[in-house]
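Understanding the architecture of this molecule
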Amino acid sequence: MQEVPYEVCELWYKEYDKNENIVIHHLEDYKKVSQELYDILKPQDINTLITGPLELDGKYIGFWGVDNPPEDELDDISAIITLLTYTMSIMIRYRDSVNEITRISMYDQLSGVFNRHMLDKRNAELRGCSSVAVLMCDINGLKKMNDTKGHAAGDELIINCAKSLSKAFGKDNVYRVGG
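The rules behind the values
- Residues numbered from 1 in each chain as written.
- Predicted model: local features only at pLDDT ≥ 70, side-chain atom pairs only at ≥ 80, totals over all residues.
- Heavy atoms only, no water.
- Phe/Tyr/Trp six-rings, centres within 6.5 Å; stacked < 30°, edge-to-face > 60°.
- Buried < 20%, exposed > 50% of the residue type's maximum accessible area, 1.4 Å probe, protein only.
- Axes fitted to C-alpha atoms, helices over the stretch in contact; angles between N-to-C directions.
- Helix = DSSP H or I, 4+ residues; strand = E, 2+ residues; numbered from the N terminus.
- Contact = heavy atoms within 4.5 Å.
- Nonpolar A, V, L, I, M, F, W, Y, C, P; charged D, E, K, R; others polar.
- Pairing = 2+ DSSP bridges.
- Disulfide = S-S within 2.5 Å.
- Core = buried A, V, L, I, M, F, W, Y, C linked by side-chain atoms within 4.5 Å.

What follows is about the packing of aromatic side chains. Geometry of an aromatic ring pair is reported as the spacing of the ring centres plus the angle between the planes. This model, assessed by the stated rule, comprises six aromatic pairs. Ring geometry for Tyr-107 against Phe-114: centres 5.0 Å apart, planes inclined by 20°, an arrangement best described as stacked. In this structure Phe-114 comes out as buried when scored by relative accessible area, which is 9%. These aromatic residues form a ring-pair network of at least three members: Tyr-13, Tyr-16 and Tyr-60.

Below is the structure:
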């Protein structure tokens, strides 16, 4: 299906709350349920349809399905979609977790620039290069800032330094190795 507006999807999301899947046996009969959706499906030559919700953390994030399945197999395909919908939700959650773990392993949580792990990785990649330049900086007065104005002020100083260095050298070239 193509170009299904969100407003139409809302109808399906409400239907998913009542049933696991939406099964359209005959598009002409579905015209009574939603003229708007009928008007979208008819030009695409969709006559039968099964859709199932994609859900993540209790929220619908989309749907998927099969258009024009054989009518005598609608119940079997609906059961398969229910199983695969659960599997797809797990896969999406796994993908998001892997992305988050990867992000955490690469970036300094406070400043948002690369961390020591990424610097070590980058150094390994650059071994054997004929010339490499490295500039190391220290934030003067950070301990005094933390002691006199608190760690929130010190954190702000670190963040501002990281922003300045990123602006000067490009974010892909800045690493925080201390702290």
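Further remarks concern the packing of helix H6 (residues 142–149) against helix H7 (residues 151–169). Two packed helices can be described by the angle between their axes and the distance between those axes. Axis separation between H6 and H7 bottoms out at 6 Å; the angle between their running directions is 145°. In this structure, H6 contributes Leu-142, Met-145, Asn-146 and Lys-149 to the contact, and H7 contributes His-151, Ala-153, Gly-154, Asp-155, Leu-157 and Ile-158. A breakdown of the residues in the contact of H6 with H7 according to their chemical character gives five nonpolar, three polar and two charged.

What follows deals with the pairing of strand S3 (residues 59–67). Bridge count between strand S2 (residues 49–56) and S3: eight bridges; the pairing is antiparallel. What sits directly across from Ile-50, in S3, is Val-66. Between S2 and S3, which follow one another and run antiparallel, lie two residues, and Asp-57 among them has a positive phi close to 55°.

Turning to the environment of Asp-120, a few remarks are in order. Relative to the assigned elements, Asp-120 resides in helix H5 (residues 116–126). As a C-alpha pair, Asp-120 and Cys-137 span 17 residues in sequence and 17 Å in three-dimensional space.

Read from one edge to the other, the open sheet built from three strands follows the order S1-S2-S3, with strand pairing classed as antiparallel. On the outer flanks of this sheet lie strand S1 (22–24) and S3, each paired with one strand and no other. The mean angle between the axes of side-by-side strands here comes to 20°, regardless of whether they run parallel or antiparallel. Packed on one face of the sheet, helix H4 (residues 74–106) meets S1, S2 and S3 and runs near 25° to S2.

Disulfides are covalent bonds that link the sulfur atoms of two cysteine residues. Taken as a whole, this structure holds zero disulfides when the rule is applied. The thiol of Cys-161 is unpaired, and the distance to the nearest cysteine sulfur, on Cys-137, comes to 8.5 Å. Residue classification places Cys-161 among the partly exposed positions, given a relative accessible area of 25%.

Of all hydrophobic cores here, the largest spans 15 residues; its most connected members are Trp-12, Ile-22, Ile-24, Tyr-30, Leu-37, Leu-41 and Leu-49. At the level of elements, helix H1 (6–18), S1, helix H2 (27–30) and helix H3 (35–41) are the ones that each hand at least two residues to this core. For this core, the element with the highest residue contribution is H1, accounting for five residues.

Time to look at the pairing of S2. Taken across its eight residues, S2 has seven buried, putting it largely inside the fold. With three bridges connecting them, S1 and S2 associate as antiparallel partners. Of the residues in S2, the one forming a bridge with Val-23 is Ile-50.

When you line up the elements, Ile-81 lands in helix H4. Note on Ile-81: relative accessible area 2%, which makes it buried. For the pair formed by Ile-81 and Thr-51, sequence separation is 30 residues and the distance between their alpha carbons is 7.7 Å. Aside from chain neighbours lying at most four places away, what touches Ile-81 is Asn-21, Ile-50, Gly-52, Trp-64, Gly-65 and Val-66.

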